[in-house]
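Residues per chain are reported as follows:
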Amino acid sequence: FRSKEDLGALVTLEMGKILAEGGGEVQEMIDICDFAVGLSRQLYGLTMNSERPGHRMYEQWHPLGTIGIITAFNFPVAVWAWNAAIAMICGDSSIWKPASKVPLCGIACMNIIHPILEKNNVPKGVVNLVIGPGRTVGEQMLNDNRVKMVSFTGSCKRGRHVSEVVNARFGR
């Protein structure tokens, strides 16, 4: 996409990856978007036989609602894209809280994706960004019942905390 080199350079500047790795991370974003578009045509469920006469069992997918995405500094754009692209095709909105060390990458991604979504008639508010420290903004996301699922990337210590808080409110 047109912004690939610029976003890769920003990843390099803000996070410290070499330019090839910054560009590679942006390529991962592109690849997951292509994958998600294809997957959107395959969200069908199984139909299975039932042991009860005259009955059938089937899977049916329903959107969860709002998904929280909390990402680490060492993958400032790819991990967000992995989550947001799949959430969108499943009918879920997302709120992304990038690591506090790489806020410009998050802002740049929003400036890239929002015009694309608008052009394709995706309602406003499907993809969102919030920037702030994990101790305040992140904790709010973890404790908010409206955030049905939280995807967290970071340390094992913080991951245990995320799991405990989200599970305590029966979130995913």
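Preceding block: the structure.
Residues numbered from 1 in each chain as written. Predicted model: local features only at pLDDT ≥ 70, side-chain atom pairs only at ≥ 80, totals over all residues. Heavy atoms only, no water.

J.: I tried to follow the overall build of the protein chain on my own but got confused; where do I start?
T.: Helix and strand content of the protein chain: 6 helices and 6 strands. Counted from the first residue to the last, the protein chain has its helices and strands arranged as α-α-β-β-β-α-β-α-β-α-β-α. Projected onto its principal axes, the C-alpha positions of the protein chain cover 65 × 35 × 30 Å. Within the protein chain, the proportion of its 172 residues that are buried is 36%. Relative to all contacts within the protein chain whose residues are 6 or more apart in sequence, the contacts with residues 24 or more apart total 66%. As displayed, the protein chain offers around 10700 Å² of accessible surface, 57% of which is attributable to carbon and sulfur atoms. (Helix = DSSP H or I, 4+ residues; strand = E, 2+ residues; numbered from the N terminus. Buried < 20%, exposed > 50% of the residue type's maximum accessible area, 1.4 Å probe, protein only. Contact = heavy atoms within 4.5 Å. Areas by Shrake-Rupley, 256 points an atom, 1.4 Å probe, with all protein chains shown as cover.)

J.: Explanation requested: the packing of aromatic side chains in the structure shown.
T.: Pairs of aromatic rings are described using the distance from one ring centre to the other and the angle between the two planes. In the structure shown here, the tally under the stated rule is 1 aromatic pair. Ring geometry for Trp80 against Trp96: centres 4.8 Å apart, planes inclined by 15°, an arrangement best described as stacked. Highlighted residues: Trp80 in helix H3 (residues 78-89) and Trp96 in strand E4 (residues 93-97), separated in sequence by 16 residues. A residue is classified by how much of its surface remains accessible, and Trp96, at 0% relative accessible area, is buried. (Phe/Tyr/Trp six-rings, centres within 6.5 Å; stacked < 30°, edge-to-face > 60°.)

J.: Looking at this structure, I do not really get the nonpolar core. What am I missing?
T.: A general tendency of soluble globular proteins is for nonpolar side chains to be buried together. In terms of nonpolar packing, the biggest core is built from 25 residues, with Leu7, Met29, Val77, Trp80, Cys109 and Val127 touching the most fellow members. When residues of this core are traced back to their parent elements, those giving at least two are helix H1 (4-15), helix H2 (19-39), strand E3 (66-70), H3 and helix H4 (103-119). Those residues within four positions of Val127 in sequence are excluded, and the remaining contacts are Trp80, Met88, Ser94, Met110, Ile113, His114 and Leu117. Formed by 8 residues, the second largest nonpolar core is a distinct cluster that contains Val147, Val162, Val165 and Val166. (Core = buried A, V, L, I, M, F, W, Y, C linked by side-chain atoms within 4.5 Å.)

J.: How should the pairing of E3 be read in this particular structure?
T.: Strand residues, when the strand is regular, have side chains that alternate between the two faces of the sheet. Among the 5 residues in E3, 4 count as buried, and that is most of the element. Here E3 pairs with E4 via 5 bridges, running parallel. When the bridges of E4 are listed, Ile67 appears paired with Ser94. Since E3 and E4 lie parallel, the crossover through H3 that links them has a hand, and here it is right-handed. Here 5 bridges tie E3 to strand E6 (residues 147-152), and the two strands are oriented parallel to one another. Directly across from Gly68, in E6, lies its bridge partner Val150. (Pairing = 2+ DSSP bridges. Right-handed = clockwise from strand over helix to strand, strands pointing away.)

J.: Sorry if this is basic, but what is going on with the packing of H1 against H2 here?
T.: When two helices pack together, their arrangement is given by the angle between the helix axes and by the axis-to-axis distance. Put simply, H1 and H2 touch, their axes get as near as 7 Å, and they point 125° apart. As summarised for this structure, H1 and H2 are arranged oblique, according to the angle between their axes. Note that H1 runs across H2; the crossing there is right-handed. Residues Lys4, Leu7, Gly8, Ala9, Val11 and Thr12 of H1 form the contact with H2, whose own contacting residues are Leu19, Gly22, Gly23, Glu25, Val26, Gln27, Met29 and Ile30. Its residues placed into classes, the contact of H1 with H2 shows 7 nonpolar, 5 polar and 2 charged. (Axes fitted to C-alpha atoms, helices over the stretch in contact; angles between N-to-C directions. Parallel < 35°, antiparallel > 145°, perpendicular 65-115°, else oblique. Left-handed = near helix turned anticlockwise from the far one by under 90°. Nonpolar A, V, L, I, M, F, W, Y, C, P; charged D, E, K, R; others polar.)

J.: I would appreciate a short explanation of the sheet that holds E6 in the present structure.
T.: Neighbouring strands of a sheet are bound in pairs by backbone hydrogen bonds; such pairs are parallel or else antiparallel. With respect to topology, 4 strands assemble into an open sheet ordered E5-E4-E3-E6, the strand pairing being parallel. Edge positions in the open sheet fall to strand E5 (127-129) and E6, since each of these has one partner strand only. Here the strands of the sheet are splayed against their neighbours by 20° on average, with no regard to which way each runs. Two strands pair when backbone bridges link them, and E4 and E5 are joined in this way by 3 bridges, in the parallel orientation. Residue pairing in the sheet places Trp96 in a bridge with Leu129 of E5. Packing against the sheet, H4 makes contact with E4 and E5, and its axis sits at approximately 155° to E5.

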